[in-house]
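Overview (structure and organization)
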Amino acid sequence: MTRTFRVLRGLGVVAMLLVCAISVRAEEGGSAATEHFTGIFKWINFAIVAALIIWVFAKKLPPVFRKNAESISSAITKAAAAKAEAERQLREAETKLANLQKEVTALRAEAQQEAAAEAERIRAATQSDEQKIGVAAKAEIEAAERAARKELKDLAAQLAVEGAESMLAKQLTPAAQESLISNFVKTLESRPN
């Protein structure tokens, strides 16, 4: 048995003995003594009922209070962990925000470098294409010049032949033709076979 229960049992026995003594005394004494003993009896009865109520609450309430204390402690622990996590996330966000301007500046510098490199690459490609086009145009001009010269030579040769024919036709009379043929035949005869 628990100590509280023993105490209550002892109080109950004392209260019963007191009640018995009061009732015996009341039969012997008178009404004033009866009232006095009735008042004492009421206080003893009150003490017993109060002790029983205290005992019940002492028996039942500590586990309830302990459970409440544990749940409150658990909630406080969780809240502290959540607060610590929130503060960590806040510090990370503040750090990122502080570094954001640096990152933006770095990204801008990198973009400018890439744009300059791209512009230089395009410029180099344009110059290369320009040189290739210049070489191709020069080769095409030279080919056109050669074709024009050949055509000019062919035309000059044709004109020369036509001019020679017309001159020859004017100078070559039938008597001159006969003289040329006879000279040709003489040179053939004078040659040894």
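Quantities reported herein were computed from a predicted structural model and do not represent experimental measurements.

Focus: the overall build of the protein
- The helix and strand tally for the protein stands at 3 helices and 0 strands.
- Residue burial in the protein is summarised as follows: out of 193 residues, 3% are buried.
- Looking at the protein as shown, the accessible area adds up to about 16,600 Å², and 65% of this sits on carbon and sulfur atoms.

So, the packing of aromatic side chains
- Overall, the coordinates contain 1 aromatic pair when judged by the stated rule.
- With a centroid separation of 5.9 Å and an interplanar angle of 85°, the aromatic rings of Trp43 and Phe46 are classed as edge-to-face. Here Phe46 and Trp43 lie together in helix H2 (residues 31-171), a separation of 3 residues that amounts to about one turn.
- The exposed category is assigned to Trp43, whose relative accessible area is 63%.

A short note on a nonpolar patch on the surface
- Together, Leu180, Ile181, Phe184, Val185 and Leu188 line one region of the surface with nonpolar side chains, adding up to about 490 Å² of accessible area.
- By the element assignment, Leu180 lies in helix H3 (residues 174-190).
- Given a relative accessible area of 53%, Leu180 falls into the exposed group.

Points about the pattern of salt bridges
- Counted under the stated rule, the structure contains 6 salt bridges.
- Arg149 is paired through a salt bridge with Glu145; the nearest N and O atoms lie 2.7 Å apart. Of this pair, Arg149 and Glu145 both sit in helix H2, 4 residues apart, which is roughly one turn of that helix.
- Accessibility expressed as a relative area gives 37% for Glu145, which makes it partly exposed.
- Several salt bridges converge on common partners, so that one network encompasses Glu85, Arg88 and Glu92.

As for the confidence of the model for the protein
- In this model, the protein carries an average pLDDT of 82, and 87% of its residues clear a pLDDT of 70 or more.
- The least confident element of the protein, judged by mean pLDDT, is helix H1 (residues 3-28) at 68; the most confident is H2 at 85.

Points about H3
- An ideal rise of 1.5 Å per residue puts 24 Å on 17 residues; H3 measures up with 24 Å between its terminal C-alpha atoms.
- Burial runs low along H3: only 0 of the 17 residues are buried.

Examining the environment of Arg121
- Among the secondary structure elements, Arg121 is positioned in helix H2.
- In this structure Arg121 comes out as partly exposed when scored by relative accessible area, which is 47%.
- There is a polar contact of 2.5 Å between the side chain of Arg121 and the side chain of Glu118.

Reading the values: the criteria
Residues numbered from 1 in each chain as written. Predicted model: local features only at pLDDT ≥ 70, side-chain atom pairs only at ≥ 80, totals over all residues. Heavy atoms only, no water. Helix = DSSP H or I, 4+ residues; strand = E, 2+ residues; numbered from the N terminus. Buried < 20%, exposed > 50% of the residue type's maximum accessible area, 1.4 Å probe, protein only. Areas by Shrake-Rupley, 256 points an atom, 1.4 Å probe, with all protein chains shown as cover. Phe/Tyr/Trp six-rings, centres within 6.5 Å; stacked < 30°, edge-to-face > 60°. Patch = residues over 30% accessible without salt bridge, like charges linked within 9 Å, V, L, I, M, F, W, Y side chains within 5 Å. Salt bridge = Lys/Arg side-chain N within 4 Å of Asp/Glu carboxyl O. pLDDT = per-residue confidence, 0-100. Expected span 1.5 Å × (residues − 1). Polar contact = N/O pair within 3.5 Å; in protein donor to acceptor, adjacent residues only side chain to side chain.

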